[in-house]
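Analysis of the macromolecular model
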Amino acid sequence: AQKVTQAQTEISVVEKEDVTLDCVYETRDTTYYLFWYKQPPSGELVFLIRRNSFDEQNEISGRYSWNFQKSTSSFNFTITASQVVDSAVYFCALSGNAGKSTFGDGTTLTVKP
Amino acid sequence: DAGVIQSPRHEVTEMGQEVTLRCKPISGHDYLFWYRQTMMRGLELLIYFNNNVPIDDSGMPEDRFSAKMPNASFSTLKIQPSEPRDSAVYFCASRPTGTPKRTSETQYFGPGTRLLVL
């Protein structure tokens, strides 16, 4: 069975602060993929990043960065210098050999001006 | 590419009525997923298809829910009869089959259908 835990239900920061969203996962598969999706107030789900279980290199994309630690089964997401437009619900997801994804409950990020 | 297309975008219906949600996956994607999102339960996978065949429908809540995929470019999710507790946002997503060593590829979501059952 797969499980994704996003322990932070809600986070509130002031613009320009850095913020890290935590994601911890469980799986018995040796090959799996981890994802982050963003759901802004408009409701659509936007894909942000995918990492496979064999690649633990951290990734940076502009103000976004991801830290994959297989040893602790974590895939954390950091937004540097947050902006109001970053306000959204962020979902971490895991996809294993069965082909279907398991989503965490999401973390609601509010960035105040 | 137009992305995953869902219709209708909004649906308001009365309890007991039949509701049909539609999805057109991205061309070339042979996996299709139906999700339901509510405040109480978050994102739940209802069912998914591979090459038009239902693979796992264990997330379908009740016999009132049914899904079909008659061809590679169209799927429906039907609720009959609908109940107020079915009110939710229903997402459709699709993805391609990965290469042999990459069994999981990114899912791309449609805009969702907001269903309200009165």
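Right above here is the structure, for reference.
Focus on the sheet that holds strand 7 (residues 65-71) of chain B
Residue and element names in this part refer to chain B. Taken together, the four strands give an open sheet; going across it, the order is 1-3-8-7, and neighbouring strands pair in antiparallel fashion. The sheet terminates laterally at strand 1 (5-7) and strand 7, the two strands that pair on one side only. If you compare each strand with its neighbour and ignore which way they point, the axes differ by 15° on average. Two strands pair when backbone bridges link them, and strand 7 and strand 8 (residues 74-79) are joined in this way by five bridges, in the antiparallel orientation. Paired with Ser 66 across the bridge in strand 8 is Lys 78.

Things to note about the nonpolar core
If you look at the biggest cluster of nonpolar residues, it comprises 23 residues, and the most contacted ones within it are Trp 36, Phe 77, Tyr 90 and Leu 109 of chain A. Elements supplying a minimum of two residues to this core: strand 2 (10-14), strand 3 (19-21), strand 5 (33-39), strand 8 (64-69), strand 9 (74-79), strand 10 (88-95) and strand 12 (107-112) of chain A. When residues in this core are grouped by element, the largest group, four residues, is from strand 10 of chain A. Counting 21 residues, the second-largest nonpolar core is a separate cluster that includes Val 19, Leu 46, Ala 67 and Met 69 of chain B.

Observations regarding the pattern of salt bridges
Inspection of the entire model under this criterion finds nine salt bridges over all chains. The partner of Arg 63 of chain A in a salt bridge is Asp 86 of chain A, with the nearest N and O atoms 2.8 Å apart. With a gap of 23 residues between them, Arg 63 of chain A in the loop between strand 7 (59-61) and strand 8 and Asp 86 of chain A in the loop between strand 9 and strand 10 connect regions that are remote in the sequence. Of the charged contacts in the structure, one is a salt bridge between Arg 64 of chain B and Glu 83 of chain B, with a shortest N-O distance of 3.5 Å. With Arg 64 of chain B in the loop between strand 6 (53-56) and strand 7 and Glu 83 of chain B in the loop between strand 8 and strand 9 (88-95), the pair connects residues that are 19 residues apart, well separated along the chain. A relative accessible area of 10% places Arg 64 of chain B in the buried class. For Glu 83 of chain B, a relative accessible area of 22% puts it in the partly exposed group. Three or more residues joined by partner-sharing salt bridges are found here, namely Glu 62, Arg 64, Glu 83, Arg 85 and Asp 86 of chain B.

Examining the state of the cysteines
If you walk through the whole model with that rule in mind, you get two disulfides over all chains. Covalent S-S linkage joins Cys 23 of chain A and Cys 92 of chain A, the inter-sulfur distance amounting to 1.9 Å. Taking the torsion about the S-S bond as the criterion, the Cys 23 of chain A to Cys 92 of chain A disulfide, at about -65°, is left-handed. Taken together, the residues span a long stretch of sequence, with Cys 23 of chain A in the loop between strand 3 and strand 4 (24-26) and Cys 92 of chain A in strand 10 at a distance of 69 residues. In terms of burial, Cys 23 of chain A and Cys 92 of chain A fall into one category: buried. Between Cys 23 of chain B and Cys 92 of chain B runs a disulfide, and the two sulfur atoms are separated by 1.8 Å.

Comments concerning the interface of chain A and chain B
Frequently, the measure chosen for interface size is the accessible area removed from exposure when the parts meet. In this assembly, 19 residues from chain A lie in contact with 19 residues from chain B. Together chain A and chain B conceal approximately 1,700 Å² of surface at their shared face, both sides included; 48% is due to carbon and sulfur atoms. By the criterion of area lost to chain B, the three top residues of chain A are Tyr 33, Leu 45 and Lys 100 of chain A, representing 29% of everything that side buries. The tally of links between chain A and chain B comes to zero salt bridges. Across the contact surface, chain A and chain B share three residue pairs in polar contact (both at pLDDT 80 or more). Elements with a minimum of two residues in the side of chain A that touches chain B: strand 5, strand 6 (46-52), strand 10 and strand 11 (101-103) of chain A. Within the side of chain A that touches chain B, the residues separate by chemical class into eight nonpolar, nine polar and two charged.

Some details on the environment of Leu 115 of chain B
Residue and element names in this part refer to chain B. Within the element layout of this structure, Leu 115 appears in strand 11 (residues 113-117). Residue class for Leu 115 comes out buried when judged on its relative accessible area of 5%. In contact with Leu 115, not counting residues within four places along its chain, are Glu 11, Thr 13, Val 19, Ile 79, Asp 86, Ser 87, Ala 88 and Tyr 90.

The rules behind the values
For every chain, the first residue of the written sequence is number 1, and numbering continues from 1 onward in sequence order. In the order they appear in the text, chains get letters beginning with A and ligands get numbers beginning with 1. The predicted origin of the model limits local features to residues at a pLDDT of at least 70 and limits the giving and counting of side-chain atom pairs to 80 or more, whereas totals for whole chains, interfaces and linings rest on all residues. Hydrogen atoms and water are omitted, and side-chain values are computed over all heavy atoms in the structure. The pairing criterion is simple: DSSP has to find at least two bridges between the two strands. Helical segments are the DSSP runs of H or I of at least four residues, strand segments are the runs of E of at least two, and each set is numbered from the N terminus. Here the axes come from fitting lines to C-alpha atoms, over the contacting stretch only for helices, and the angles between their N-to-C directions go from 0 to 180 degrees. Put simply, buried Ala, Val, Leu, Ile, Met, Phe, Trp, Tyr and Cys residues joined by side-chain atoms within 4.5 Å make one nonpolar core. Three labels apply to residues, based on accessible area from a 1.4 Å probe with only protein chains included: buried if under 20% of the type maximum, exposed if over 50%, partly exposed otherwise in between. Between Lys or Arg on one side and Asp or Glu on the other, a salt bridge is scored when a side-chain nitrogen of the former is within 4 Å of a carboxyl oxygen of the latter. Criterion for a disulfide: a pair of cysteine sulfur atoms within 2.5 Å. By definition in these notes, contact holds between two residues if any of their heavy atoms fall within 4.5 Å. A quick way to say it: buried area is the sum, across both parts, of accessible area lost when two parts are put together, with a 1.4 Å probe. Contacts described as polar in this section are N or O atom pairs within 3.5 Å, which, within protein, must combine one atom able to donate a hydrogen with one able to accept it, while residues neighboring in sequence count only if both atoms come from side chains. As a working rule, the residues Ala, Val, Leu, Ile, Met, Phe, Trp, Tyr, Cys and Pro are called nonpolar, Asp, Glu, Lys and Arg charged, and the rest polar, with Gly in that last group.

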